Amino acid sequence: MELIIYLDADSLPLKHREIILKRCIKENIITFFVADRELKDVKEAIKQHTIMLRAPYRAILDNQEIRKIKSSIEMIVVEGGVNAADDRIVSLANKNNLCITHDIPLAARLIEKGVVVIDDRGNRLDKSNINERLSIRDTQMTLREMGIFNDKQKQFDLKTYNAFANAFDKAISEIKRL
């Protein structure tokens, strides 16, 4: 089974993108960064990955054939709008693909399709915990609207980045075994 990764890249921190890009370039994994704007670091990584992939063939292929060799990473820029990136990811992702998102409603939609989902803190989201996460999210939203609750998430630290990197590696390994 071919591993394909989708990233809800609008709110994905730079450090997370670095972790993902490093692994996806190393293993030439098909990866889609979906956002409402172009991410310069992703575009640069795609460019460098393409150069790296083409280098061994420069002496043996003509320019037309070399241009066909491209990075397995793609930046998909969607038109702005509520849930535009989410809708694109849902339309593209299939069972046993991997998606990384902080968006709980998007995660729920993907889980229904059989997509493996992890969040930006390294938590695996699946049928066993998504309803609870949706309920917590909805309750917090209601409390915020009432001015009762101000949800301040803990800042990303080394422990959080390591948890994410470990969950990312584990998810890739699981999907590759399928």
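Owing to the predicted nature of the structure, the values given are computational and were not obtained by experimental measurement. (Residues numbered from 1 in each chain as written. Predicted model: local features only at pLDDT ≥ 70, side-chain atom pairs only at ≥ 80, totals over all residues. Heavy atoms only, no water.)

*Asks:* Got a minute to help me understand the sheet that holds strand β5 (residues 116–118) in this structure?
*Replies:* Remark on secondary structure: sheet strands pair via backbone hydrogen bonds, oriented parallel or antiparallel. A sheet is described by the order of its strands in space; here 6 strands give the open sequence β3-β2-β1-β4-β5-β6, paired in mixed fashion. Looking at strand neighbours, the two that pair on one side only are β3 (73–77) and β6 (124–125), the edges of this open sheet. Pairing of strand β4 (residues 98–100) with β5 involves 3 bridges; the strand directions are parallel. The residue bridging Ile100 from the neighbouring strand is Ile118, located in β5. On top of the sheet, helix α7 (residues 158–177) reaches β1 (4–8), β4, β5 and β6; it is set at about 165 degrees to β4, its chief contact. (Pairing = 2+ DSSP bridges. Helix = DSSP H or I, 4+ residues; strand = E, 2+ residues; numbered from the N terminus. Contact = heavy atoms within 4.5 Å. Axes fitted to C-alpha atoms, helices over the stretch in contact; angles between N-to-C directions.)

*Asks:* What is the right way to read the pattern of salt bridges from this model?
*Replies:* Scanning the model with the defined rule gives 11 salt bridges in all. In this structure, Asp10 engages Arg37 in a salt bridge whose closest nitrogen and oxygen atoms are separated by 3.6 Å. Separated by 27 residues along the polypeptide, Asp10 in the loop between β1 and α1 (14–27) and Arg37 in the loop between β2 (30–35) and α2 (40–54) bring together distant segments of the chain. Where salt bridges share partners, they join Arg23, Glu27, Asp169 and Lys176 into one cluster. (Salt bridge = Lys/Arg side-chain N within 4 Å of Asp/Glu carboxyl O.)

*Asks:* What's the story with the nonpolar core in this structure? I'm lost.
*Replies:* Across soluble globular proteins, nonpolar side chains have a tendency to be buried as a group. Membership of the largest hydrophobic core comes to 29 residues, with the highest contact counts inside it found for Ile5, Ile20, Phe33, Val42, Leu98, Ile100 and Phe168. Only β1, α1, β2, α2, β3, β4, β5 and α7 provide two or more residues apiece to this core. With 7 residues, α7 is the single largest residue contributor to this core. Discounting residues that sit within four places of it in the chain, Ile20 has contacts with Leu7, Leu12, Thr31, Phe33, Ile100, Phe164 and Phe168. Ile76, Ala107, Leu110 and Leu125 belong to the second-largest nonpolar core, a separate cluster that totals 21 residues. (Core = buried A, V, L, I, M, F, W, Y, C linked by side-chain atoms within 4.5 Å. Buried < 20%, exposed > 50% of the residue type's maximum accessible area, 1.4 Å probe, protein only.)

*Asks:* Please clarify how helix α6 (residues 130–145) should be interpreted in this entry.
*Replies:* Every α-helical turn comprises 3.6 residues, leaving residues that sit three or four positions apart pointing alike. For α6, which comprises 16 residues, the first-to-last C-alpha distance of 22 Å matches the rise-based estimate of 22 Å (1.5 Å per residue) to within 8%. Just downstream of α6 lies Gly147, where phi reads positive at about 80 degrees. (Expected span 1.5 Å × (residues − 1).)

*Asks:* What's the story with the pairing of β2 in this structure? I'm lost.
*Replies:* In summary, the side chains of a regular strand alternate between the two faces of the sheet. With 5 of 6 residues buried, β2 is to be regarded as a mostly interior element. Alignment of β1 against β2, held across 5 bridges, turns out to be parallel. Across the sheet, the residue bridging to Leu7 is Phe33, located in β2. The parallel pair β1 and β2 is bridged by α1, and the resulting crossover is right-handed. (Right-handed = clockwise from strand over helix to strand, strands pointing away.)

*Asks:* Could you clarify how one ought to interpret unusual backbone geometry in this entry?
*Replies:* If a residue is not glycine, its phi is most likely negative; likewise, a peptide bond is most likely trans. Although it is not a glycine, Asn28 adopts a positive phi angle of roughly 55 degrees. Along the polypeptide, Asn28 turns up in the loop between α1 and β2. The residue Asn83 is not glycine, and still its phi comes out positive at about 65 degrees.

*Asks:* Please explain the layout of surface pockets as it appears in this structure.
*Replies:* Remark: the empty space left among the atoms is shown by a probe the size of a water molecule rolled over them. What the largest pocket holds in volume is close to 500 Å³. As for the largest pocket, its lining consists of 19 residues, of which His102, Ile104, Arg133, Arg137 and Gln153 are closest to the centre. Elements that contribute at least two residues to the lining of the largest pocket include exactly α5 (104–112) and α6. At 6 residues, α6 tops the list of elements feeding residues into the lining of the largest pocket. Per-class residue counts for the lining of the largest pocket are 4 nonpolar, 5 polar and 10 charged. (1 Å grid on protein atoms, 1.4 Å probe; cavity = no way out; pocket = protein on both sides within 12 Å on 5 of 7 lines; lining within 4 Å. Points joined across faces, edges and corners; volume = space filled by probe spheres on them. Nonpolar A, V, L, I, M, F, W, Y, C, P; charged D, E, K, R; others polar.)

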